[in-house]
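Spelled out from the first residue to the last, the chains are:
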2 protein chains.
Amino acid sequence: MRVLGIDPGLTRCGLGVVESRPGRRAALVDVGVARSAVEAELPDRLLAIGVEVERWLDRARPDAVALERVFAQHNVRTVMGTAQVSGVVMVAAAARGVPVTLHTPSEVKAAVTGTGRAPKAQVQQMVARILGLDEVPKPADAADALALGICHLWRPATSAAGAQGTHGTAAQQAWARAEGAARRGR
Amino acid sequence: MRVLGIDPGLTRCGLGVVESRPGRRAALVDVGVARSAVEAELPDRLLAIGVEVERWLDRARPDAVALERVFAQHNVRTVMGTAQVSGVVMVAAAARGVPVTLHTPSEVKAAVTGTGRAPKAQVQQMVARILGLDEVPKPADAADALALGICHLWRPATSAAGAQGTHGTAAQQAWARAEGAARRGR
């Protein structure tokens with residue numbers, strides 16, 4: 001299974017592709033950041049991010065998109081742009097028939113570190129360790145996108161079946177169940 | 001000048017096309033609502049609205065899109081969906097080179113009724129009167145979209161020049177100046 005994790009943002013939108021490997025491992029496929037010029041007008045900024053996300057979808061051909069769930073009570077100054085980018089991402093995925101699952105930041109932290117309250121640096125260290133990378137991917141948005149992808153690969157099959165927009169094959173579901181069991185046994 | 005006013009919403013997205021006429025008048029071209037099924041998944045709902053907005057853009061060929069500016073402090077339960085729809089609308093317009101201007105609800109009320117604190121029913125009555133309609137357009141989202149379009153037609157040229165994404169022709173700007181002067185003289 002191949003997952004495109006997306007950390008939505010108007011200035012920097014993190015993009016990370018991860019793939020499941022035998023033996024409960026995850027591998028890095030690609031990672032990067034879509035950017036838009038701060039001085040550009042909002043519609044053009046959203047279009048720039050949207051075009052880049054479409055390119056990643058068409059190039060990586062993921063089985064699923066894992067997108068960070070945005071909450072209205074977070075930073076009010078940036079939340080509207082983040083929500084707008086999320087909308088653009090969801091439409092790009094839906095137009096290609098790629099299911100989108102939303103994961104909260106604490107779900108992602110718990111999946112990668114075992115605790116939903118882990119500091120950002122710990123999450124990023126674990127992303128590098130899980131994917132067998134020598135260094136933490138930079139910038140932080142890129143590492144966060146990979147953490148979203150790993151979270152989606154490692155989610156328990158029970159929650160996956162109920163999650164929004166998730167339609168795994170029987171094999172994917174079995175793999176997810178095995179992943180979940182292994183993770184809970186750590 | 002032809003303006004597509006859009007009142008963004010996930011369940012009902014109001015769409016109204018208005019056109020400037022000689023003698024400081026505005027005419028109705030088309031009005032309607034894009035809908036998405038409440039029980040559908042969020043990405044599919046956004047795609048349904050997005051596809052419909054693209055159809056309106058391609059059919060009406062507006063010179064500008066007037067979109068309601070969404071504030072994070074409003075109804076937290078619905079604001080995220082509204083922001084996501086706004087993002088989708090802005091990308092659809094930007095991809096077609098149609099400038100988008102955001103108008104606050106109080107700007108729209110002031111443009112149509114003369115006061116930024118007018119109740120919704122008064123705004124809708126004025127929309128019908130301005131466009132010479134026998135009845136108030138239904139549902140409210142459709143009337144609100146027309147109000148956004150009228151607000152954009154009647155905006156003062158000075159603010160139009162500074163507004164985001166507005167690139168009127170010299171004739172459009174002159175018309176807008178005349179409109180603004182006439183409106184201020186009421």
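Residues numbered from 1 in each chain as written. Chains lettered and ligands numbered in written order. Predicted model: local features only at pLDDT ≥ 70, side-chain atom pairs only at ≥ 80, totals over all residues. Heavy atoms only, no water.

**Considerations on the packing of aromatic side chains**
1) Next: Enumeration according to the criterion identifies 0 aromatic pairs over all chains in this entry.
2) Next: The ring of W56 of chain A carries R59 of chain A above its face, with NZ or CZ at 4.7 Å from the centroid. (Phe/Tyr/Trp six-rings, centres within 6.5 Å; stacked < 30°, edge-to-face > 60°. Lys NZ or Arg CZ within 6 Å of the ring centre and 35° of its normal.)

**Some words on the sheet that holds strand β2 (residues 12-21) of chain A**
Hydrogen bonding along the main chain pairs the strands of a sheet, whether they run parallel or antiparallel.
Residues and elements named next belong to chain A.
1) Next: Ordered by their spatial adjacency, 5 strands build an open sheet running β3-β2-β1-β4-β5, and the pairing between neighbours is mixed. The sheet terminates laterally at β3 (25-35) and β5 (100-103), the two strands that pair on one side only. Each strand of the sheet is rotated relative to its neighbour by a mean of 20°, with strand direction disregarded.
2) Next: As paired strands, β2 and β3 are joined by 10 bridges and run antiparallel to one another. Across the sheet, G14 pairs through a bridge with V33, a residue of β3.
3) Next: Sheet contacts for helix α5 (residues 140-153): β1 (2-7), β2, β3, β4 (64-68) and β5; angle to β2, the most-contacted strand, approximately 35°. (Pairing = 2+ DSSP bridges. Helix = DSSP H or I, 4+ residues; strand = E, 2+ residues; numbered from the N terminus. Axes fitted to C-alpha atoms, helices over the stretch in contact; angles between N-to-C directions. Contact = heavy atoms within 4.5 Å.)

**A closer look at the nonpolar core**
1) Next: Ranked by internal contacts, the top residues of the largest apolar core, which has 52 residues, are I6 and V65 of chain A together with I6 and V65 of chain B.
2) Next: Dropping the residues within four chain positions of it, V65 of chain A is found in contact with L4, I6, L57, V89, A93, V98, P99, V100 and T101 of chain A.
3) Next: In this structure, M126, I130, L148 and W154 of chain B belong to the second largest nonpolar core, which totals 22 residues. (Core = buried A, V, L, I, M, F, W, Y, C linked by side-chain atoms within 4.5 Å. Buried < 20%, exposed > 50% of the residue type's maximum accessible area, 1.4 Å probe, protein only.)

**Points about the pattern of salt bridges**
1) Next: Counted under the stated rule, the structure contains 14 salt bridges over all chains.
2) Next: Between R2 of chain B and E19 of chain B there is a salt bridge whose closest N-O contact spans 2.8 Å. Taken together, the positions of R2 of chain B in strand β1 (residues 2-7) and E19 of chain B in strand β2 (residues 12-21) put the pair 17 residues apart, joining distant regions of the chain.
3) Next: Look at the salt bridges and you will find they share partners, linking R2, E19 and R21 of chain A into a network. (Salt bridge = Lys/Arg side-chain N within 4 Å of Asp/Glu carboxyl O.)

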